[in-house]
Each structure stands twice: as structure tokens, then as C-alpha cells.
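Each chain, letter by letter, is given below.
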Amino acid sequence: MEQWFTALTLFEKIYWSVALISSVIFVVLIILTLVGGDADDMGGDVDAEIDGDGGIGFQFLSFKNLMGFLTIFGWSGIACLDGGLSKFLTVFISVVCGLLMMTAMAALFYYLAKLQSSGTLKLKNALNQIGEVYLTIGANRSKIGKVSINVQGTLRELEALTDESHDLKQSNVVRVKEITANGILIVELLNK
């Protein structure tokens, strides 16, 4: 192995070194990403949530993307050298291949991040939704009941009051007309 490496030209040694070292780091980063350890957070969490900030979004220049660039840069350069291409063409092709890899990885991680959802219930999304009484709701806000309602794509059972002059019984169809400050739905009978 040592004889093989010493027989290489300086140009080939640079490409082999870049390819091998960055490949090892890149494989470790991909494994960490797939099992949940995010390597972009190695230096601490600088991107704190500020006023509901969802992060930077599309990141072209990150440590993962740099390692992807160097890995593809090295291996495509080695392939070009083995193909007998000139040094200029080898560098040009390997840089283009590396940039394409960076773009592909940035797009991949951007769209994967878009698939995340917080799962936090936002009661304002229940406004004007139609549901069904699950537990009897007392007339004129006299007794809190429950309604089954689809909010944010999930069927939920939420506390509710009504301004109707009669109790709303189980299986009555209702519409949410407002939400109190403490998160109780105010519903009205849909079919009077």
C-alpha cells in the first residue's frame, strides 16, 4: 500500500487524500443524520427559536455539504485521472461534480426538514370547523361538554360551551364560532 501511494504524483496524492479522508467523515455524518444525531449542531445550538423562527431553511454551505463536496470532488477527480484527462479538465469536472453534490444535498436536507411538523395544537385552526357533540354541553354556557372535531388533520375531543337556549346532546352537529381566552370552544348547533 505504501509503495502504491509513494508511486503516485503529487496531484494524484492530493485527490486520493481528499477522497479517502472526506469519505470517512461523510459516511460518519450520514450515519449520525440517519440515527438522529445532527452533525450541524456540533458547535452548539446557535439557531435558537426566536419568535417562532423555523430556522435558516435552504443551507447551501454547511459542514455536511462541504464533506459531500470534498468526497465527490476527490472521487470524480480520481476517475478523471484514471481516464487520462488533463489536470485542468480533471479539476474542472471534479469541482462541477462537487458543486452538484452540494446542491443535491442542500435540497435533500431542506425538503426533509420541511416534512417535520411540531404537532402543537393551535386552537385558532378549530374556528369554523364542524364537529359532533361527544359529551352533553349545557345551555347558555351552564355546563362544559366535549366535542369531537377534526383540527390540523387529527380528530380531537375538546371542551366546549354553547350560547344555545337548550342543551346540546350527544351526536348533535355543531360549528365552532369562537374560542375563549382559556381555550374552550364556543359552538353553535348547525342544524336547528
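On a predicted model such as this, the values are computed, not experimentally measured, just so you know.

(A) Representation of the overall build of the protein. Secondary structure assignment for the protein yields four helices and five strands. Counting helices and strands in the order they occur from the N terminus, the protein gives α-α-α-α-β-β-β-β-β. Within the protein, the fraction of its 192 residues that count as buried is 28%. In the protein, the proportion of contacts linking residues at least 24 apart, taken out of those at least 6 apart, comes to 58%. Counting every atom, the protein has about 12,300 Å² of accessible surface; 61% of that belongs to carbon and sulfur.

(B) Main features of the pattern of salt bridges. With the rule as written, the count across this model stands at three salt bridges. With a closest N to O distance of 3.3 Å, Lys177 and Asp163 form a salt bridge. Separated by 14 residues along the polypeptide, Lys177 in strand E4 (residues 173-179) and Asp163 in the loop between strand E3 (154-162) and E4 bring together distant segments of the chain. Under the relative-accessibility criterion, Lys177 is labelled partly exposed at 32%. The partner of Glu188 in a salt bridge is Arg175, and the shortest N-O contact between them spans 2.2 Å. With a gap of 13 residues between them, Glu188 in strand E5 (residues 185-189) and Arg175 in strand E4 connect regions that are remote in the sequence. Through salt bridges with shared partners, one network takes in Arg141, Asp163 and Lys177.

(C) Just helix H2 (residues 10-35), in detail. Here H2 spans 38 Å end to end across 26 residues, near enough to the 38 Å set by a 1.5 Å rise per residue. If you check which residues of H2 are buried, you get Phe11, Tyr15, Ala19, Ser22, Ser23, Phe26 and Leu29. Residues of H2 that are buried in the fold lie against helix H3 (63-82) and helix H4 (87-114). Trailing H2 by a residue or two, Gly36 shows a phi angle of about 110 degrees, which is positive.

(D) Geometry of the pairing of strand E2 (residues 145-151). Here E2 lies mainly inside the structure; five of its seven residues are buried. In this sheet, E2 lies alongside strand E1 (residues 130-135) in antiparallel orientation, the contact comprising four bridges. Across the sheet, the residue bridging to Val133 is Val147, located in E2. Relative to E3, E2 runs antiparallel, the two being bridged by seven bridges. Bridge assignment links Val147 to a residue of E3, and that residue is Leu158. Where E2 folds back on E3, the antiparallel hairpin that results is connected by two residues, among which Gln152 adopts a positive phi of roughly 55 degrees.

About the criteria used
Residues numbered from 1 in each chain as written. Predicted model: local features only at pLDDT ≥ 70, side-chain atom pairs only at ≥ 80, totals over all residues. Heavy atoms only, no water. Helix = DSSP H or I, 4+ residues; strand = E, 2+ residues; numbered from the N terminus. Buried < 20%, exposed > 50% of the residue type's maximum accessible area, 1.4 Å probe, protein only. Contact = heavy atoms within 4.5 Å. Areas by Shrake-Rupley, 256 points an atom, 1.4 Å probe, with all protein chains shown as cover. Salt bridge = Lys/Arg side-chain N within 4 Å of Asp/Glu carboxyl O. Expected span 1.5 Å × (residues − 1). Pairing = 2+ DSSP bridges.

Geometry only, nothing functional implied.
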